[in-house]
Amino acid sequence: MSTILLADDHQLVRDTLASYLAEKAGFEVKVASSAEEAYVALSTFRNIDLAIIDYQMPGMDGLEGLIRLRSRFPDQKTVIISGVASPEVADKAIELGALAFFPKSMPVDLMLAGINELIANNPVEISAGNSQGQPDSELQNYGLTVRERQILRMLASGQSNKSIAQDLSLKEVTVKFHVTNILGKLRVSNRTQAALLANSSTSL
């Protein structure tokens with residue numbers, strides 16, 4: 001059984017997500033409502049597989065809290081979550097060692113898929129606000145992972161999530177997670193736009 005630390009000062013968000021992760025995925029979930037409580041939990045429970053940390057909770061001081069956490073627990077896998085952070089903050093969090101940045105608006109089933117990917121040591125790159133701006137002409141500028149490029153090729157050929165999942169021996173919710181991530185990185189709003197961009201690119 002994997003153990004998750006969920007640190008968020010919003011009780012409803014924290015309790016709802018903790019309950020979902022425990023009941024739906026069978027995780028053991030430790031909770032904290034401040035940066036200091038998160039540090040205590042990480043010091044007390046040495047078997048935490050993933051720490052999910054709210055960017056704006058008390059004691060975080062924005063990304064300063066992530067810097068302190070990484071300094072005290074350099075080997076701890078950490079995800080930052082937020083409902084308001086900008087794409088620049090999300091990118092900086094990843095530069096500072098966060099494995100991913102999950103917007104709180106993200107569907108909970110996709111968040112669970114991302115958590116499972118990270119626990120399995122697979123890269124996940126969700127950041128906030130990726131729907132802004134216009135796409136560049138070449139896909140290599142978007143930082144797609146090998147798996148994302150593979151799924152995008154299949155998506156561009158017209159395959160459904162179910163078909164892609166079967167061909168790649170993945171769960172359909174995991175494919176859905178990757179597709180959502182691809183749309184965010186390409187800065188498009190739907191599968192059709194992603195497919196058009198992929199089919200017009202020479203770098204896929």
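All of the points below concern the structure found in this document.

Conventions and cut-offs
- Residues numbered from 1 in each chain as written.
- Predicted model: local features only at pLDDT ≥ 70, side-chain atom pairs only at ≥ 80, totals over all residues.
- Heavy atoms only, no water.
- Pairing = 2+ DSSP bridges.
- Helix = DSSP H or I, 4+ residues; strand = E, 2+ residues; numbered from the N terminus.
- Axes fitted to C-alpha atoms, helices over the stretch in contact; angles between N-to-C directions.
- Contact = heavy atoms within 4.5 Å.
- Phe/Tyr/Trp six-rings, centres within 6.5 Å; stacked < 30°, edge-to-face > 60°.
- Buried < 20%, exposed > 50% of the residue type's maximum accessible area, 1.4 Å probe, protein only.
- Lys NZ or Arg CZ within 6 Å of the ring centre and 35° of its normal.
- Parallel < 35°, antiparallel > 145°, perpendicular 65-115°, else oblique.
- Nonpolar A, V, L, I, M, F, W, Y, C, P; charged D, E, K, R; others polar.
- Left-handed = near helix turned anticlockwise from the far one by under 90°.
- Core = buried A, V, L, I, M, F, W, Y, C linked by side-chain atoms within 4.5 Å.

1. Quick word on the sheet that holds strand 2 (residues 28-32)
Step number 1: Across the sheet, which stays open at both edges, the five strands sit in the order 2-1-3-4-5 with parallel pairing between neighbours. Every interior strand has two partners, whereas the edge strands, strand 2 and strand 5 (100-103), have only one. Across this sheet, the average inter-strand angle for adjacent strands is 20 degrees, counted without regard to direction.
Step number 2: Together, strand 4 (78-82) and strand 5 form the strand contacts of helix 4 (residues 87-95), whose direction differs from that of strand 5 by roughly 145 degrees.

2. Thoughts on the packing of aromatic side chains
Step number 1: Counting across every chain of the model gives one aromatic pair.
Step number 2: Both rings, one in F102 and one in F177, keep their centres 6.5 Å apart while their planes meet at 80 degrees; by these two values the pair is edge-to-face. One end of the pair, F102, is in strand 5; the other, F177, is in helix 8 (residues 172-186), and 75 residues separate them in sequence.
Step number 3: Judged by its relative accessible area of 0%, F102 falls in the buried class.
Step number 4: On the basis of relative accessibility, which here comes to 1%, the residue F177 falls in the buried class.
Step number 5: Directly above the aromatic system of F45 lies the positively charged group of K30, at a separation of 4.1 Å from the ring centroid.

3. Focus: the packing of helix 5 (residues 108-119) against helix 8
Step number 1: Interaxial distance between helix 5 and helix 8 falls to 9 Å at its minimum, and their mutual angle equals 95 degrees. With respect to their mutual orientation, helix 5 and helix 8 come out roughly perpendicular. Mapping the contact onto sequence places D109, L110, A113, G114 and E117 in helix 5 and V173, T174, K176, F177, H178 and T180 in helix 8.
Step number 2: Along the lines of polarity and charge, the residues of the contact of helix 5 with helix 8 split into four nonpolar, four polar and three charged.

4. Observations regarding the packing of helix 1 (residues 11-25) against helix 5
Step number 1: Where helix 1 contacts helix 5, the axes come no closer than 11 Å and their chain directions differ by 65 degrees. In terms of orientation, helix 1 lies roughly perpendicular with respect to helix 5. In this structure, the crossing between helix 1 and helix 5 has a hand that is right-handed. Counting all contacts with helix 1, which are made through L17, Y20, L21, K24 and A25, the residues of helix 5 involved are V108, D109, M111, L112 and I115.
Step number 2: Partitioned by chemical class, the residues of the contact of helix 1 with helix 5 number eight nonpolar, no polar and two charged.

5. Here's the deal with the nonpolar core
Note on soluble globular proteins: their nonpolar side chains tend to be buried together.
Step number 1: Core analysis: the biggest nonpolar cluster contains 24 residues, and L5, A38, L42, I53, M57, I80 and A93 have the highest contact counts within it.
Step number 2: For this core, the elements supplying multiple residues, two or more each, are strand 1 (3-7), helix 2 (35-44), strand 3 (50-54), helix 3 (63-72) and helix 4.
Step number 3: Here the element with the most residues in this core is helix 2; it accounts for five residues.
Step number 4: Discounting residues that sit within four places of it in the chain, I80 has contacts with I53, Y55, M60, L66, A93, A98, A100, F101 and F102.
Step number 5: One finds V79, L110, L118 and I119 within the second-largest nonpolar core, a separate group that totals 22 residues.

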